[in-house]
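A structural walkthrough
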Amino acid sequence: MPKHIVIVTKDIAEFLIYSLLIVLLRAKGYKVTVIAEGLSLEKWIAAGEAVYGTDPTADQVDKNGCRHDLNPSAVLEDLKPDLVLTGLGAPINLGESFGLAANKLGRQLGFIE
């Protein structure tokens, strides 16, 4: 059973889905780390969530709100999660890059639809 879960989100729908899941996971004793970009980043911050790498500079975010300040492999090596959950936002950006890094590093990967 996973003990540390990383959740990667981009849009508001992903925020709404995963914000409910985080409450349940934490109530069961799981450690959860949120990595966010796009519209979800503001929502997590407003909800009081400590988002990993919260404050990218303006030159590290493109017109779609996609972040380019995080190295997914390095972040996952640092956090050592048992499971990575991503969203399916379009353009997907961090969800895709963290998913690929999780696969490369042998971490479990999933998503909620």
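Scroll up to find the structure this text is about.
Report on the accompanying structure. Residue positions within a chain follow its written sequence, with the count starting from 1. For a predicted model such as this one, the threshold for reporting local features is a pLDDT of at least 70, and the threshold for listing and counting side-chain atom pairs is 80 or more; totals across whole chains, interfaces and linings nevertheless cover every residue. Each side-chain value is worked out from all heavy atoms of the structure, with water and hydrogens disregarded.

Helix and strand content of the protein chain: four helices and four strands. Ordering the α and β elements of the protein chain from the N terminus gives β-α-β-α-α-β-α-β. Projected onto its principal axes, the C-alpha coordinates of the protein chain cover approximately 40 × 30 × 25 Å. Looking at the protein chain as a whole, 45% of its 113 residues qualify as buried. Note on areas: these come from Shrake-Rupley sampling with a 1.4 Å probe, and a residue is covered only by the protein chains present in the view. Just so you have it, the protein chain exposes about 6,200 Å², and 57% of that area is on carbon and sulfur atoms. Positive charges come from Lys and Arg alone, negative charges from Asp and Glu alone, with His and the N- and C-terminal ends not counted. Note that the charge is assigned to NZ on lysines, CZ on arginines, CG on aspartates and CD on glutamates. Computed over 11 positive and 14 negative side-chain charges, the inter-centroid distance for the protein chain is 7 Å. Helix and strand definitions follow DSSP, with helices as H or I runs of at least four residues and strands as E runs of at least two, each counted in order from the N terminus. For every residue, the accessible area obtained with a 1.4 Å probe (protein chains only) is divided by the maximum for its type, and the residue is called buried under 20%, exposed over 50%, and partly exposed between those limits.

What follows covers the environment of Ile112. Within the fold, Ile112 resides in the segment after β4 (108-111). For the pair Ile112 and Ala101, spaced 11 residues apart in sequence, the C-alpha separation works out to 18 Å. In what follows, residue pairs with any heavy atoms lying within 4.5 Å of each other are defined as contacts. The contact partners of Ile112, leaving out residues within four places of it in the chain, are Ile17, Tyr18, Leu21 and Thr86.

Note on definitions: salt bridges are taken to be side-chain nitrogens of Lys or Arg within 4 Å of carboxyl oxygens of Asp or Glu. Under the definition given, this model contains two salt bridges. Linking Glu49 and Arg26 is a salt bridge whose minimum nitrogen-to-oxygen distance equals 2.7 Å. Remark: Arg26 occurs in helix α1 (residues 12-27) and Glu49 occurs in the loop between α2 (38-46) and α3 (72-79); sequence separation between them is 23 residues.

We now examine the environment of Leu25. Mapped onto the secondary structure, Leu25 falls in helix α1. Judged by its relative accessible area of 13%, Leu25 falls in the buried class. Along the primary structure Leu25 and His4 are separated by 21 residues, whereas in three dimensions their C-alpha atoms are 9.8 Å apart.

Attention now goes to the sheet that holds strand β2 (residues 31-36). Strands were regarded as paired on the criterion that DSSP finds at least two bridges between them. One open sheet accounts for four strands, arranged β2-β1-β3-β4; its pairing is parallel. Sheet topology places β2 and β4 at the edges, where each strand pairs with a single neighbour. Direction aside, the axes of adjacent strands within the sheet are offset by 20° on average. Only the stretch in contact is used when fitting a helix axis, every axis being a line fitted to C-alpha atoms; angles between N-to-C directions are given from 0 to 180 degrees. Seen against the sheet, α1 touches β1 (4-9), β2, β3 (83-86) and β4 and runs at an angle of roughly 165° to β1.

With that settled, the discussion passes to unusual backbone geometry. At Lys80, a residue that is not glycine, the phi angle is positive and equals roughly 50°. We note that Asn93 has phi near 50°; this positive angle belongs to a residue other than glycine. Mapped onto the secondary structure, Asn93 falls in the loop between β3 and α4 (94-105).

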